[in-house]
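Here is how the chains run, residue by residue.
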Amino acid sequence: MKRSYYLYSDGEIHRKDNTLQFTSADGSRRDLPVERITDIYAFSQMNLNTAFLNFLGAHGITLHFFNYFSFYTGSFYPREQLLAGDLLVKQVQHYTDAEKRLDLARRFVDTAAANIYRNLRYYNGRGKEVSGPMNLIDFTRRELPKAKTIPEVMGYEGTIRKIYYETWNTLVDQPIDFTRRVKNPPDNMINTLISFVNSLIYTKVLTEIYQTQLNPTVSFLHEPGVRRFSLSLDLAEIFKPLLGDRLIFSLLNRKQITEKSFTRGLNFLHLTKDSSQTILQALDERLETTIFHKDLDKKVSYRYLIRLECYKLVKHILGEKPYEGFKIWW
């Protein structure tokens, strides 16, 4: 089974024969079996060379970089090996055609809103009184078809998120004093935690996009821009409530992540090494957890759900089947 590899120690990574080898600053060495790697995450100072990058490219392995504060800084994205000119042309056409783009943007936000609603419904059924925000989110979601432009769709999405985040003080079983989302930079431990987990979801989606014929720079909800894989942002909206937020609630409510998990002297902008490793391990475990997929009539992992979402988008773009985003039913 393939998996992600996380590198936390400073050192050097290079190709060794037909595999990879990491040498840490203290001289210890670790072989990384290339046939079992989906992607690599670098959270430390890393020396590497073009031979290493060429080797990653030949094996279709993405490399994601994070800085000292565990903020995502970028990815090495290998040359696409599953190129399809017809799909690329039609993907661009779905972006340039205002109605087609608007339709997909609405579908992404509708799916994300449905998953957010399910999160609140789950906790409301367990003694957390959030029925009022649930009703507001449901009402706003039903208003989505009225959006006639992408900025209007983003406005509905922002409203839903604002209502949702205002419930977190109720959902989390420790004092967090969280009222609004602040990104650049995060202004408290919860915003730091959300930013870190969301960046992980974004990179997981990017890795799965690479395994399909989709172009990650052509998006529909988020505006394509220089130096970012904006389609990952689109699809990540669906999986942030399903994977990211549920992971955050679990870690906080089990006290696996607390105020002590952050560096107070840096205004809680920095997760400790042990805490970030706890989050990564919990996310990987969740990605490998399987659920019964009603449409496929078999069990699939959460990781494969992301790949399936890409396949569904491909079918929509090719005109084979309208895209219906994955919505939690439990």
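In what follows, the structure referred to is the one given above.
This is a predicted model, so every value here is computed, not measured.

Bringing the overall build of the chain into the picture now. Counting its regular elements, the chain contains ten helices and ten strands. Buried residues in the chain amount to 53% of all 330 residues. Once local pairs closer than 6 in sequence are excluded, the contacts in the chain between residues at least 24 apart make up 63%. The distance from the centre of the 46 positive side-chain charges to the centre of the 37 negative ones in the chain is 2 Å.

Another point: the sheet that holds strand β3 (residues 19–24). Hydrogen bonds between backbone atoms are what pair the strands of a sheet, whose relative direction is either parallel or antiparallel. One open sheet accounts for four strands, arranged β4-β3-β2-β6; its pairing is mixed. Taken across any chain shown, the strands that pair with only one partner, and hence form the sheet edges, are β4 (29–32) and β6 (46–47). Strand direction decides the pairing type here: strand β2 (residues 11–16) and β3, joined by six bridges, are antiparallel. Paired with Arg15 across the two strands is Leu20, which belongs to β3.

It is worth spelling out the pairing of strand β10 (residues 298–301) at this point. Pairing geometry for strand β9 (residues 290–293) and β10, over four bridges, is antiparallel. Bridging from a neighbouring strand, Thr290 pairs with Ser301 of β10. Counted between consecutive antiparallel strands, the loop separating β9 from β10 contains four residues, among which Asp297 sits at a positive phi close to 60 degrees.

What follows is about the nonpolar core. Nonpolar side chains in soluble globular proteins generally cluster together in the buried interior. Ranked by internal contacts, the top residues of the largest apolar core, which has 84 residues, are Phe108, Trp168, Leu214, Ile279, Leu305 and Leu313. Contributing elements (two or more residues each) for this core: α3 (98–124), α4 (131–143), α5 (150–165), α6 (168–171), α7 (189–210), α8 (230–253), α9 (273–288) and α10 (302–317). For this core, the leading source of residues is α7, giving 13 residues. Look past the residues within four positions of Trp168 in its chain and what remains in contact with it is Ile176, Phe178, Ile190, Ile194, Asp245, Ile248 and Phe249. Ranked by size, the runner-up nonpolar core spans 16 residues in total, among them Leu7, Val34, Ile37 and Ala42.

It is worth spelling out empty space enclosed by the protein at this point. Overall, the coordinates contain one cavity of 30 Å³ or more when judged by the stated rule. Of the pockets and cavities examined, the largest cavity occupies roughly 40 Å³. Val109, Ala112, Ala113, Ile116, Glu157, Ile160, Arg161 and Glu237 are the residues that line the largest cavity. At the level of secondary structure, the elements contributing two or more residues to the lining of the largest cavity comprise α3 and α5. Broken down by element, the lining of the largest cavity gets its largest block of residues, four residues, from α3. Its residues assigned to classes, the lining of the largest cavity shows five nonpolar, no polar and three charged.

Taken together, the four strands give an open sheet; going across it, the order is β1-β5-β7-β8, and neighbouring strands pair in mixed fashion. Lying at the two open borders of the sheet, with one neighbouring strand each, are β1 (3–7) and β8 (72–76). Looking at each pair of strands side by side, their axes are set apart by 20 degrees on average, direction ignored. For strand β5 (residues 37–42) and strand β7 (residues 62–66), the ladder comprises four bridges, and the chain directions are parallel. Counted as the bridge partner of Tyr41 is His64 from β7.

Scoring rules and cut-offs
Residues numbered from 1 in each chain as written. Predicted model: local features only at pLDDT ≥ 70, side-chain atom pairs only at ≥ 80, totals over all residues. Heavy atoms only, no water. Helix = DSSP H or I, 4+ residues; strand = E, 2+ residues; numbered from the N terminus. Buried < 20%, exposed > 50% of the residue type's maximum accessible area, 1.4 Å probe, protein only. Contact = heavy atoms within 4.5 Å. Lys, Arg positive; Asp, Glu negative; His and termini not counted. Charge placed at Lys NZ, Arg CZ, Asp CG, Glu CD. Pairing = 2+ DSSP bridges. Core = buried A, V, L, I, M, F, W, Y, C linked by side-chain atoms within 4.5 Å. 1 Å grid on protein atoms, 1.4 Å probe; cavity = no way out; pocket = protein on both sides within 12 Å on 5 of 7 lines; lining within 4 Å. Points joined across faces, edges and corners; volume = space filled by probe spheres on them. Nonpolar A, V, L, I, M, F, W, Y, C, P; charged D, E, K, R; others polar. Axes fitted to C-alpha atoms, helices over the stretch in contact; angles between N-to-C directions.

Treat this as a map of the structure, not an account of what it does.
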